[in-house]
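# Coordinates in review
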Amino acid sequence: MKTKKKSKEKNDNASVSKKKKETDIRTRIVIGIFLILLGIYILLSFVDAFLDYEITGKLGGKIGLFLSSRMFGIGSVYFLILIIGIGLNLIFRRPKLYILRICKNALMFFVWIPLLFALIMQSSSENGTELEKYYGITGKVVYDFLDFYISKIGILILLLLTGLTYIIYSFNITFEFLRKKTKNNDNENDNNDNEDTDNDNKPNKPDENKWLIKPIDKENEDYKDDNDTNFSWEIKKEKNNDNDPTFEITTHPEESSSDDDSHNESDSDISMEVTEIKEEKQVKENGEHFGLDTAYDPRFELSNYVFPTLDLLKDYGDNTATIDTAELENNKNKIVETLSNYSIAISKIKATVGPTVTLYEIVPAAGVRISKIKNLQDDIALCLSALGIRIIAPIPGKGTVGIEVPNNKSQIVSMRSIISSEKFQKCNYELPFGIGKTISNESYVADLAKMPHILMAGATGQGKSVGINAIIASLLYSKHPAELKFVLVDPKKVELSLYKKIERHFLAKLPDSEESIITDVRKVVRTLNSLCIEMDNRYELLKDAQVRNIKEYNAKFISRRLNPLEGHRFMPYIVLVVDEFADLIMTAGKEIEAPITRLAQLARAIGIHLIIATQRPSVNIITGTIKANFPARMAFRVMSRVDSSTILDSTGAEQLIGRGDMLLSTGNDLVRLQCPFIDTPEVEAITEFIGAQRAYPEAYTLPDCPDEQDDTLDKENINPNERDPLFEDAARLIVQSQQGSTSMLQRKFKIGYNRAGRIIDQLECAGIVGPFAGSKQREVKIQTEYALDQLLNDLNYNE
């Protein structure tokens, strides 16, 4: 019974609400019709008033005449539009009344326009009564009042001021174009020069990019056996019969920087183009803004900075892979012959010609074991008389076995061809760099921010230094000095010395360091510890900003949702480059390995990335801890399989041919690349081009990190009686948090690094914190506040 009563009550309530809704709709429609009819009545009166010279009010009577012209004159048009508009909204949808907008427009139509017509009519005609219909009673009253106090000139100035104000606020005129006009004029000539240079340097794209070579009999045009000598090789573009053995050669031309991509539908193989799905731009989140409404521009201080141009790099001619038919035919016959000697039958061979090596993809016949082909690597190398071949069995993602054979004539991959490629120019990476071309002659562009660290190894003279210069040059071509800083460590003292010219643009160093290129081992340890301090400081800023990485933090700072008065700042990316890591490990050992490991583990999210190169990839140099934090590894030619296994966790690097030939491992698979060649004059031209421009007053300053030996000498000179006023407060803060950190004192007390370091030294002398421990925090010797109070009382009593 209760359930029935409840359901009955619900039905009654629903019917009541439905009736109320219907009544509300009927009421709105009735009121809307009334307002529309009233508007029509006023419209007829308005027409009568302005057509009848004597203003008699024949159509609308006295009331219509008063509402249409006598009260506001021509300004009554807005009253007419407002009434009819509200009526239509009531009938067709619920109206939204914007009170401020209605009041603003009412003042314009009911006061400003009648006053304007009153000024015009009263100035041009002595008898203003017959023209009163244009400005109405309101216009006459306001005009007489203002004319008495400010005269006609004052009325004209007032009308101009209020009219301009109405236009500016109604149409939201911000005058932004006036501020941008000067900046656009300054950069217009530079942009035009860069565009002309890019257009001149675009390589011409060949008309055809794939060829199919078939053995054709001269008389019958039938396929013959490979051992038959009565046939010749003829280039065809038509697809072959699937049942016949063919030899297919695919070449990939150099990438063009243009937007047009041509595909031949009659190619012999089907290629799949993978389109990268770009993340949609998100609407900016509403939040608190500090300072101006406009976004913060990190490039403002060097707003006239010009990026390096392509003409600084050398062009080594046509970089497209050329087909040597005789060489391909010879290698093909030898591969088939060698495999047939071991009873291995194949059904198809496909050759992909690259700048340095050619990849022969073979399809084994049914029943052939892949391991048998892989074990014939030395035999195939002997038959081909090659420097070293590499067998990929099977090729990931394909049902083929790959045999990489060096070309007799290798081609130089220029740095210019990588920088001018469409992949590099149009990528949206945070830290893009081009490291070479693949076997298919495609530019390989990666993002250092996603790698996030690179471990590079190779024997002397195999291309490590050129690879480092290629990465640095790519970053210089893509990033502004405000967005990127380098920390360069060069134990050999000659490899990275050319970059000293861009010290105040792109380099970072310690505050008391005179040289921006670090060569002294003791300064290397201090610099690495300083980077650890910078990493801790940045993580504190990220925690305060409630973000997870540097990209989110900088976006929030640029949108002015972080207060600079609270210590927040725009954070550039920092790339640490170590040219010879083995020498540092031999001289400093654990002092180098500990901060390197800590940075590799934690520094990715706050924008610090490492590039470490060594010519001795042994297990005592590249330890397991370091390898675990370097997922991206580049291997140039090494001398033994053990070294290849150390750097790549697999063999293959010992089979490379040198001169920039390299294997890149990103954790998934190995990619063979030809590193681009960038010569010393090219690097010098780039650094001189950047160094000649306006720079920052000094290089980017890293947090100061005192040397242990110098720190010990300074502590002996500290007078215990001359303590800092914040000594006790700092002691209590450190005991409560159990963290002996100089950066924490800087943030909590808002003091400089020198004063905070002095307080830490005084705390160490008092026995509250332990000695300097490198990249780790100091040990806190006092565990409780009670013990601290006793210690402070003893210190005060002794004084």
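Use the structure listed above.
In this text, all values refer to a predicted model and were calculated from it rather than measured experimentally. (Residues numbered from 1 in each chain as written. Predicted model: local features only at pLDDT ≥ 70, side-chain atom pairs only at ≥ 80, totals over all residues. Heavy atoms only, no water.)

## Some thoughts on helix α5 (residues 136–170)
Its 35 residues place the ends of α5 only 26 Å apart at the C-alpha level, less than the 51 Å of an ideal helix rising 1.5 Å per residue. Bending of α5 peaks at approximately 110 degrees at the position of I150. Considered for burial, the residues of α5 that qualify are G136, T138, G139, Y143, L146, G154, I155, L159 and G163. (Helix = DSSP H or I, 4+ residues; strand = E, 2+ residues; numbered from the N terminus. Expected span 1.5 Å × (residues − 1). Bend = angle between axes of the 7 residues up to and from the residue. Buried < 20%, exposed > 50% of the residue type's maximum accessible area, 1.4 Å probe, protein only.)

## So, the environment of Y477
Positionally, Y477 belongs in helix α12 (residues 464–478). With a relative accessible area of 10%, Y477 lands in the buried category. A C-alpha to C-alpha distance of 9.8 Å links Y477 and Q425, two positions 52 residues apart in sequence. Dropping the residues within four chain positions of it, Y477 is found in contact with F307, P308, T309, L310, L312, L313, I419, F424 and I686. Looking at Y477, its side chain comes within polar contact range of the main-chain oxygen of T309, at 2.7 Å. (Contact = heavy atoms within 4.5 Å. Polar contact = N/O pair within 3.5 Å; in protein donor to acceptor, adjacent residues only side chain to side chain.)

## Let's talk about empty space enclosed by the protein
Scanning the entire structure with this criterion turns up four cavities of 30 Å³ or more. Space inside the second largest cavity adds up to approximately 50 Å³. Lining of the second largest cavity is provided by G354, P355, T356, V357, K437, T438, I439, D661, R672, L673 and Q674. By residue number, the principal contributor to the lining of the second largest cavity is strand β18 (residues 670–674), which donates three residues. Within the lining of the second largest cavity, the residues separate by chemical class into four nonpolar, four polar and three charged. (1 Å grid on protein atoms, 1.4 Å probe; cavity = no way out; pocket = protein on both sides within 12 Å on 5 of 7 lines; lining within 4 Å. Points joined across faces, edges and corners; volume = space filled by probe spheres on them. Nonpolar A, V, L, I, M, F, W, Y, C, P; charged D, E, K, R; others polar.)

## A short note on the packing of helix α7 (residues 325–341) against helix α9 (residues 377–384)
Following both chains from N to C, one finds α7 and α9 inclined at 140 degrees, their axes separated by 10 Å at the closest point. On the basis of their axis angle, the class for α7 and α9 is oblique. Here α7 and α9 pass one another in a crossing that is right-handed. Residues N331, K334, I335, T338 and L339 of α7 touch α9, and the partners they reach there are D379, I380, C383 and L384. Per-class residue counts for the contact of α7 with α9 are five nonpolar, two polar and two charged. (Axes fitted to C-alpha atoms, helices over the stretch in contact; angles between N-to-C directions. Parallel < 35°, antiparallel > 145°, perpendicular 65-115°, else oblique. Left-handed = near helix turned anticlockwise from the far one by under 90°.)

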